[in-house]
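Listed below are the residues making up each chain.
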Amino acid sequence: MAKTKFYAMKGPNRDKIVDNWPECERLVKGVPGIRYKSFATREEAEAWMRGEEPEVKNGIRIYVDGSFTPTFAKAGWSFVVTEGDKELARGFGITAFDAESRNIDGEVMASYQAMKWLDANDKTGTICHDYEGIARWARGEWKAKSSIATQYVNAIKPYLHRVSFEKVAAHTGVKWNELADELAKTAITRAKDAHEAAKNGAKVEKILSAAEKASEKYED
């Protein structure tokens, strides 16, 4: 039987705690300025409603996320390294190849990059993810059938001794998870801007080249 979660909401004319996501989603969708967050117990939810922050977990925790937009072929990825309630490092970028599974490509790349960071810094930590496959593929609980899943499983083998995994609910007000989401989207925006600039630069070069050739011909 699935464990009950409690969803607390704070916002204009709407402070409430419910015990299921569909009801929470119905109450917060389209409401400007509302904040919401999930908790394991009602007591934790009530404490958050009173403005009390939950105790920060010890150890290194790395929040990972991926992003995708239909107007760009590659997925964005990001990770944010934290200890206590302080940020230690961050990284973000886009996938090397076109995304075959939309944002999932970004999710697994973020996890892989997070493990590489731990290894490069000779540390261990917990990867906090919102896509379930991050942990299930890594632990062999899901069979890697797709190309991206197979690549992920093979790439992370040297780093698995450094990590544990923890699933966090997406878009529920977890500060570092929200930051990872924002950075993954930023990676796509910057890549799209750079791509457009490169295209425009190529057009300018082509025009200048044609003008130079025309000038040479005229001078002859």
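Above: the structure in question.
How each quantity is defined
Residues numbered from 1 in each chain as written. Predicted model: local features only at pLDDT ≥ 70, side-chain atom pairs only at ≥ 80, totals over all residues. Heavy atoms only, no water. Salt bridge = Lys/Arg side-chain N within 4 Å of Asp/Glu carboxyl O. Helix = DSSP H or I, 4+ residues; strand = E, 2+ residues; numbered from the N terminus. Pairing = 2+ DSSP bridges. Axes fitted to C-alpha atoms, helices over the stretch in contact; angles between N-to-C directions. Buried < 20%, exposed > 50% of the residue type's maximum accessible area, 1.4 Å probe, protein only. Arc of directions from axis to C-beta. Contact = heavy atoms within 4.5 Å.

### Brief notes about the pattern of salt bridges
For the structure on display, the rule yields 11 salt bridges. A single network of salt bridges, built from pairs that share partners, joins Glu 132, Arg 136, Arg 139 and Glu 141.

### Considering unusual backbone geometry
The phi dihedral of Arg 102 falls on the positive side, at around 55 degrees, and the residue is not glycine. Assignment of secondary structure puts Arg 102 in the loop between β6 (86-94) and α3 (103-120). At Asp 122, a position not held by glycine, the phi torsion is positive, near 50 degrees. With respect to the helices, strands and loops of the structure, Asp 122 is situated in the loop between α3 and β7 (125-129).

### A look at the sheet that holds strand β1 (residues 6-10)
Pairing is antiparallel in the open sheet, where three strands are placed in the order β2-β1-β3. Every other strand in the sheet has two partners, leaving β2 (16-18) and β3 (35-39) as the edge strands with one partner each. This sheet shows a mean twist of 20 degrees between the axes of neighbouring strands, independent of strand direction. Pairing of β1 with β3 involves five bridges; the strand directions are antiparallel. Residue pairing in the sheet places Phe 6 in a bridge with Phe 39 of β3.

### Details of helix α5 (residues 147-156)
Residues of α5 that are buried include every one of Ile 148, Ala 149, Tyr 152 and Ile 156, and no others. The arc enclosing the buried residues of α5, seen along the axis, measures out at 100 degrees, which places them on a common side. On the buried face of α5, the contacting elements are α3, α4 (133-138) and β8 (163-167).

### A word on the pairing of β7
For a regular strand, the rule is simple: side chains alternate between the two faces of the sheet. Most of β7 is tucked away, with five of its five residues classed as buried. Here strand β4 (residues 60-67) pairs with β7 via three bridges, running parallel. Bridge assignment links Arg 61 to a residue of β7, and that residue is Thr 126. Of the strand pairs in this sheet, β7 and β8 are connected by five bridges, and their pairing is parallel. Among the inter-strand pairings, Cys 128 is bridged to a residue of β8, identified as Glu 166.

### Here's the deal with the pairing of β4
Counting buried residues along β4, eight of its eight residues qualify, which places the element largely inside the surrounding structure. Side chains Ile 60, Ile 62, Val 64 and Gly 66 project from β4 onto one buried face, and the interleaved Arg 61, Tyr 63, Asp 65 and Ser 67 project onto a second face that is buried too. Relative to strand β5 (residues 76-83), β4 runs antiparallel, the two sharing eight bridges. Paired with Tyr 63 across the bridge in β5 is Val 80.

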